[in-house]
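Analysis of the macromolecular model
Listed below are the residues making up each chain.
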Amino acid sequence: MKATAIAPANIALIKYWGKKDEQLRLPINGSISVNLSNLQTITTVEFYPDYQADIITIDGKQDDKETERIIQHLNRIRTLANLYHKAKVVSQSNFPKAAGLASSASGFAALTVAASKAGGLGLSEKKLSILARQGSGSACRSIPDGFVEWLEGDSSETSYAYSLFPYSYWDIAIIVAVLGDEQKKVSSTKGMEAAKASPLLATRRKRVNYRIKMFKKIMKERDFDELGELIEAEAFELHAIALTSAEAIVYWKPETIEIIHLVRELRNEGLPIYFTIDAGPNVYIISEKENTKRAYNELKQIKGIRKIIINAPAAGARLIKEHLF
Ligand code: PMV
């Protein structure tokens, strides 16, 4: 009863920011993301009668503060599988957790696929997405392939993600400028809680469904500039809500703003690149493939960038044969 899965991180293009059910992690609106080819987590899970307790090792360490949340997730799977054995879990990401990238999405997606297989469950993609959502909301979007929509839903069974377009649909690059050297100061759970006080949240809720409709139309037409304008507006809206939350949350660093200005200047000079930003300082720049090299070279000039990771759209979570133990 051992299984291993690999799962990508994803970046939201239409953002999820707020829950209508904390326990089930039901979002207040639907969202859309793309899986990232170079930010991945591999997880091996084994349920075994002789294990006395769950033993969880993440990136070589056993004292991770996520341990409790992982055990809760294993419990969900044990309940579904009618299983009482403890588990050994070993998980390895190819990017530093401390960088404030979306490690919980790839982590919980890989854990869900590996643990449900190890527990003998044969779950559909939809069921896996529903399960992953309960571990970490955005993890449900790392299960399907490529460009993914998470349906808001009004119950656990109706809130899941599915593939809008395969990863091969549009050959764009997502260039991540990593600025963080520490985990997020305000977790997304806390940030979403604080966002309830923002007067802007109601306005967002009114128009986000229209944005989702626009996004799908733009994708069908493969209109890169329209896509860019839309995802920048989404990123600014998320941060406007953060800034007007119960305690104003400023996720940006000086370099975040420097990159925003650089992208806009380059655009004025005729380089069509756009950005999005999650609940952290890092900037995700999207470009068409032929412009990636130039965008990369321009970004390299900014001193505070710790690392630049170039991604393509990627497949979703899947089982692999090589185990980590
Ligand atoms: O799923 P969480 O709790 O990691 O929240 C993700 C929130 C954002 O990354 C900011 C937006 C999103 O849709 O992924």
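Analysis parameters
Residues numbered from 1 in each chain as written. Predicted model: local features only at pLDDT ≥ 70, side-chain atom pairs only at ≥ 80, totals over all residues. Heavy atoms only, no water. Helix = DSSP H or I, 4+ residues; strand = E, 2+ residues; numbered from the N terminus. Rg over C-alpha atoms; globule rule 2.2 N^0.38 Å. Buried < 20%, exposed > 50% of the residue type's maximum accessible area, 1.4 Å probe, protein only. Contact = heavy atoms within 4.5 Å. Lys, Arg positive; Asp, Glu negative; His and termini not counted. Charge placed at Lys NZ, Arg CZ, Asp CG, Glu CD. Near = heavy atom within 4 Å. Polar contact = N/O pair within 3.5 Å; in protein donor to acceptor, adjacent residues only side chain to side chain. Areas by Shrake-Rupley, 256 points an atom, 1.4 Å probe, with all protein chains shown as cover. Nonpolar A, V, L, I, M, F, W, Y, C, P; charged D, E, K, R; others polar. Expected span 1.5 Å × (residues − 1). Arc of directions from axis to C-beta. Bend = angle between axes of the 7 residues up to and from the residue. Salt bridge = Lys/Arg side-chain N within 4 Å of Asp/Glu carboxyl O. Core = buried A, V, L, I, M, F, W, Y, C linked by side-chain atoms within 4.5 Å.

1. Side note on the overall build of the protein
Assigned secondary structure in the protein consists of eight helices and 13 strands. The globule rule puts the C-alpha radius of gyration for 325 residues at 20 Å, and the 19 Å found for the protein is close to it. Referenced to the eigenvectors of the C-alpha coordinate spread, the extents of the protein come out at roughly 65 × 40 × 40 Å. Going through the 325 residues of the protein one by one, you find that 57% of them count as buried. Partitioning the intrachain contacts of the protein with sequence separation of at least 6 by distance along the chain shows that 76% fall at a separation of at least 24. Averaged over its 44 positive side-chain charges, the protein has a centre that lies 3 Å from the centre of its 38 negative ones.

2. Regarding the site of the ligand
Lining the immediate surroundings of the ligand are 13 residues, of which Tyr 16, Ser 138, Arg 141, Ser 188 and Asp 278 lie closest. Between the ligand and Ser 138 there is a distance of 2.7 Å, counted from an oxygen atom to a side-chain nitrogen or oxygen. When the ligand sits alone it has 380 Å² of accessible area, and the protein chains cover 95% of it. Considering only residue class, the shell around the ligand consists of five nonpolar, five polar and three charged.

3. A short note on helix α7 (residues 254–268)
Its 15 residues place the ends of α7 22 Å apart at the C-alpha level, agreeing with the 21 Å of an ideal helix rising 1.5 Å per residue. Within α7, the full set of buried residues consists of Thr 256, Ile 259, Ile 260, Leu 262, Val 263 and Leu 266. Angular distribution of buried residues about the axis of α7 spans 165°; they occupy a single face of the element. Facing away from the buried surface of α7 by more than 90 degrees, the exposed residues are Pro 254 and Asn 268.

4. Focus on helix α5 (residues 200–221)
Relative to the 32 Å expected for 22 residues at 1.5 Å per residue, α5 spans 30 Å between its end C-alpha atoms, a close match to the ideal helical length. The largest bend in α5 is about 40°, located at Arg 207. All of the buried residues along α5 are Leu 201, Arg 204, Val 208, Arg 211, Ile 212, Phe 215, Ile 218 and Met 219. Buried-residue contacts for α5 involve β1 (2–14), β4 (31–48), β7 (147–150), β8 (161–165), α4 (188–195) and α6 (224–243). With its phi angle positive at about 50°, Arg 222 sits one or two positions after the end of α5.

5. Details of the environment of Trp 150
With respect to the secondary-structure elements, Trp 150 resides in strand β7. Judged by relative accessible area, Trp 150 falls into the buried class, the value being 0%. Taking the C-alpha atoms as reference points, Trp 150 and Ser 33, 117 residues apart in sequence, are found 8.3 Å from one another. There is a polar contact of 3.0 Å between the side chain of Trp 150 and the side chain of Ser 159.

6. Concerning the pattern of salt bridges
Within this structure, the stated rule accounts for 16 salt bridges. A salt bridge links Lys 196 to Glu 193; its shortest N-O distance comes to 3.3 Å. Two residues, Glu 237 and Arg 211, come together in a salt bridge whose shortest N-O distance is 3.3 Å. Here Arg 211 lies in helix α5 and Glu 237 lies in helix α6, a separation of 26 residues in the sequence.

7. Notes on the nonpolar core
Grouped together as the largest cluster of nonpolar side chains are 34 residues, with contacts concentrated most on Leu 39, Leu 101, Trp 170, Phe 215, Met 219 and Leu 227. Contributions of two or more residues to this core are made by β1, β4, β8, β9 (172–178), α5, α6 and β11 (283–288). The biggest single contributor to this core is α5, with five residues. With residues up to four places along the chain from it excluded, the contact list for Leu 39 reads Ala 7, Pro 8, Ala 9, Asn 94, Phe 95, Leu 101, Val 176, Ile 309 and Asn 311. Listed in part, the 30 residues of the second largest apolar core include Ala 7, Ile 58, Ala 87 and Leu 128.

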